[in-house]
There are 2 protein chains.
Amino acid sequence: MRFIVADWGTTRFRGYLVENETIIDEVSSEEGVSALQSGQHRDVFMRQCGRWLEAEPDAPVLLVGMVGSREGWVMAPYASCPAGPADVAAAMIPVELENGRKAHIVPGLTCEPAPGAYDVMRGEETLVLGSGVEDGIVCSPGTHPKWIEMRGGRVQRFATYMTGEMYALLREHSMIGRPATEPEDPKGFDLGLDAAARNGGDTGERRVGLLHLLFGARAAVVSGHMATGLLAPYLSGLLTGDEINGALSQFGKPASVTILADAPRADLYIHALARHGIATQVRAPREALIAGLARIVRAHAQAKN
Amino acid sequence: MRFIVADWGTTRFRGYLVENETIIDEVSSEEGVSALQSGQHRDVFMRQCGRWLEAEPDAPVLLVGMVGSREGWVMAPYASCPAGPADVAAAMIPVELENGRKAHIVPGLTCEPAPGAYDVMRGEETLVLGSGVEDGIVCSPGTHPKWIEMRGGRVQRFATYMTGEMYALLREHSMIGRPATEPEDPKGFDLGLDAAARNGGDTGERRVGLLHLLFGARAAVVSGHMATGLLAPYLSGLLTGDEINGALSQFGKPASVTILADAPRADLYIHALARHGIATQVRAPREALIAGLARIVRAHAQAKN
């Protein structure tokens, strides 16, 4: 089975020609969704991937990521959890390519973690469906890390944390992060995890609040107790540790977590989760993406037959 | 008793001539510490307050705030908690004005909330010593709000939260805050306090994590469940609520809290604390500042006699 994919995010366009689960050709450009105006998407796709369309007249075409957001080609409404490959395939939105040929936009997912509370993902649903995890907890790190509970091969529920964006905000714009210097001392990451333990753990303990622990980083620097080379890794450890605190509270403490990340980001989670006695498996995001798309393509083909 | 004061912060210089606890003359400028180079502070002070020095040749002169930081006139090392007026007075650092006359820089305070953890304040020690609270919990809102435990008229310990700075970061620089629109709908503040309850409360409950609740604000907007006019007050309520969660965990739940703030900021804390069944008293920061300085001046005079 061959299919054509555009992994089309905020900042990048990545096209793949896939045979089974192997990428046999690929293109990449900086024509991410944020760089495009309404109406430009079709032309970008045809210029990047048009030769594959000609060579593979029967190959399904899938678009995944922010291309389905309000700022993308067409808004693909979120499908609701629980959702497996068939549910995602059924909620795909077609867009016209040429001569009646269509591409299908993979929708994101939404869930309601509490009454009146909402969460969303767009792209990670495809990764996690290709993670190989049928029942268990998957973590997809990044700007907005996702923790996902899989049950019976479907996304049961999930929770997003703004960890990566918060780190960037603190480093680039805050009084807290301003004193940070390079070279970074990676020992700061463990100090940050130590601090996060003051805002987590079993019931009955004090939880001092993340906003307090963040100020504590500044206080330690200005009072001369922390070398400025430790500060950036410390903030990373504190935020990652507090994300894990929250995820373990929401999903319970699993024996094992599957991490969808490449090194060195995966290594940070392996290390942080080991402190909780949690084992980890790592799956490369690109492999998971292609595997997830293959499942969605198959589910879509089955539904048509 | 008359004394001369400069409340000298990062962005503003405020000079007061005080008789007992009444301001009888004042000056103000934008010559905050961040606008000045090393060596300029004396000239600024003499230009702004020199006429009071001549008119009041015996009046003590105190400088309070960031003027005592590393970026200020002279670095005044932090005094350690617990600390009352006599401890603060004894740790003041003199600087030369003219003809042998000196001003004294009020030091900040430091405490160690946990092994290897540090907190600092510079300026709020004077406010809280003038708060009228001998035993109890005082909250000083702002860019970096302080929660302070007073015991026997001394600052026993305190905890700083980066609430105000975080709100500004989220509003000005984040994907989370970007969709916010005006006019703001103040009902969002209560929705944010509701969300904060998912990260606090009594032991045994789930605590989902502040980084998750912050992303939830974006998820609610992009999924069409939250009007964008609610977003900014929501973020304010969520951050304030999580600050209060942490403070109540650290200091226990008091019957009453004294808030050192003017309206409308004080009103937000009154409202948020009432949801926890906590009564509030409000004291204006400027009154507290002058009252605190008067106590430090008297303690300094007594120590000299």
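By convention here, each chain's residues receive numbers from 1 onward along its written sequence. Ligands are numbered from 1 and chains lettered from A, in the order in which they are written. At least 70 in pLDDT is required for a residue's local features to be given in this predicted model, at least 80 for side-chain atom pairs to be given and counted, and no such filter applies to totals for whole chains, interfaces and linings, which use all residues. Just so you know, side-chain values use all the structure's heavy atoms and leave hydrogens and water out.

Caption draft 1: Here's a closer look at the overall build of chain A. A tally of helices and strands in chain A yields nine helices and 14 strands. Here the globule rule reads 2.2 Å times residues to the power 0.38, and the radius of gyration is calculated from C-alpha atoms. Relative to the 2.2 N^0.38 estimate, which gives 19 Å for 305 residues, the radius of gyration of chain A is 21 Å and therefore close to what a compact globule would have. Dimensions of chain A along its principal axes, counting C-alpha atoms only, are 70 × 40 × 35 Å. For every residue, the accessible area (1.4 Å probe, protein chains only) is compared with the maximum for its type, and the residue is labelled buried under 20%, exposed over 50%, or partly exposed between those bounds. Counting only residues that meet the buried cut, chain A has 57% of its 305 residues in that class. Taking contacts inside chain A between residues at least 6 apart in sequence as the whole, the part at least 24 apart equals 61%. Surface accessibility of chain A: about 12,300 Å² in total, with carbon and sulfur atoms responsible for 48%. When charges are counted, Lys and Arg are positive and Asp and Glu negative, with His and the chain ends excluded. Charge coordinates come from a single atom per side chain, which is NZ of Lys, CZ of Arg, CG of Asp or CD of Glu. Of the side-chain charges in chain A, 29 are positive and 36 negative, and the distance between the mean point of each set is 3 Å. Each helix is a run of DSSP H or I of at least 4 residues and each strand a run of E of at least 2, with the numbering of both proceeding from the N terminus. Between two residues, a contact is recorded if the distance between any of their heavy atoms is within 4.5 Å. Every accessible area reported is derived by Shrake-Rupley at a probe size of 1.4 Å, with residue values counting cover from the shown protein chains alone.

Caption draft 2: Examining the side chain of Asp242 of chain A more closely. Secondary-structure assignment places Asp242 of chain A in helix H7 (residues 228–251). Among buried Asp, Glu, Lys and Arg side chains, Asp242 of chain A stands out as unpaired, with Arg207 of chain A the closest opposite charge at 7.7 Å. Polar contact is defined as a pair of N or O atoms within 3.5 Å, subject to the rule that within protein one atom must be able to donate a hydrogen and the other to accept it, and that residues adjacent in sequence are counted only when both atoms are side-chain atoms. At 3.2 Å, the side chain of Asp242 of chain A forms a polar contact with the side chain of Asn245 of chain A. When neighbours within four sequence positions are excluded, Asp242 of chain A is seen to be in contact with Ala196, Asn199 and Leu210 of chain A together with Leu210 of chain B. We count a salt bridge whenever a side-chain nitrogen from Lys or Arg sits within 4 Å of a carboxyl oxygen from Asp or Glu.

Caption draft 3: Layout of the interface of chain B and chain A. Every contact between the two is made by 50 residues of chain B and, on the other side, 51 residues of chain A. By definition, the buried area sums, over both parts, the 1.4 Å-probe accessible area that each loses when the two are put together. In total, chain B and chain A occlude about 4,300 Å² of area from one another, counting both sides; carbon and sulfur atoms represent 66% of this. The three residues of chain B that bury the most area against chain A are Tyr118, Leu211 and Phe215 of chain B, which together make up 17% of that side's buried surface. Summed over the shared surface of chain B and chain A, the number is zero salt bridges. Counting across the chain B and chain A interface gives 13 residue pairs in polar contact (both at pLDDT 80 or more). Those elements that place two or more of their residues in the side of chain B that touches chain A are strand S9 (119–121), strand S12 (154–160), helix H4 (163–173), helix H6 (210–222) and helix H7 (228–251) of chain B. The element contributing the most residues to the side of chain B that touches chain A is H6 of chain B, with nine residues. Each residue gets one of three labels, nonpolar for Ala, Val, Leu, Ile, Met, Phe, Trp, Tyr, Cys and Pro, charged for Asp, Glu, Lys and Arg, and polar for the others, Gly among them. A class-by-class count of the residues in the side of chain B that touches chain A yields 23 nonpolar, 17 polar and 10 charged.

Caption draft 4: Structural view of the packing of aromatic side chains. Residue and element names in this part refer to chain A. Ring pairs are drawn from Phe, Tyr and Trp, using the six-membered ring of Trp, whenever the two centres fall within 6.5 Å, and their geometry is named by plane angle: stacked under 30 degrees, edge-to-face over 60, tilted for the rest. Using the criterion set out here, one finds six aromatic pairs over all chains in the structure. Centre to centre, the rings of Trp8 and Phe13 are 4.6 Å apart; their planes meet at 90°, and the pair counts as edge-to-face. Across this residue pair, the class does not change: Trp8 and Phe13 are buried. Where Phe13 meets Phe45, the ring centres are 6.5 Å apart and the plane angle is 70°; that geometry is what we call edge-to-face. Taken together, the positions of Phe13 in strand S2 (residues 13–19) and Phe45 in helix H1 (residues 41–55) put the pair 32 residues apart, joining distant regions of the chain.

Caption draft 5: Examining the sheet that holds S12 of chain B more closely. Residues and elements named next belong to chain B. Taken in spatial order, the five strands make up an open sheet running S12-S11-S10-S13-S14, and their pairing is mixed. Edge positions in the sheet fall to S12 and strand S14 (279–283), since each has one partner strand and no second. Within the sheet, the average angular offset between the axes of one strand and its neighbour, ignoring direction, is 25°. Strand direction decides the pairing type here: strand S10 (residues 136–140) and strand S11 (residues 146–151), joined by five bridges, are antiparallel. Among the inter-strand pairings, Ile137 is bridged to a residue of S11, identified as Glu149. Two strands are said to pair when DSSP picks up at least two bridges between them. Simply put, an axis is a line fit to the C-alpha atoms, just over the touching stretch for a helix, and the angle between two N-to-C directions goes from 0 to 180 degrees.

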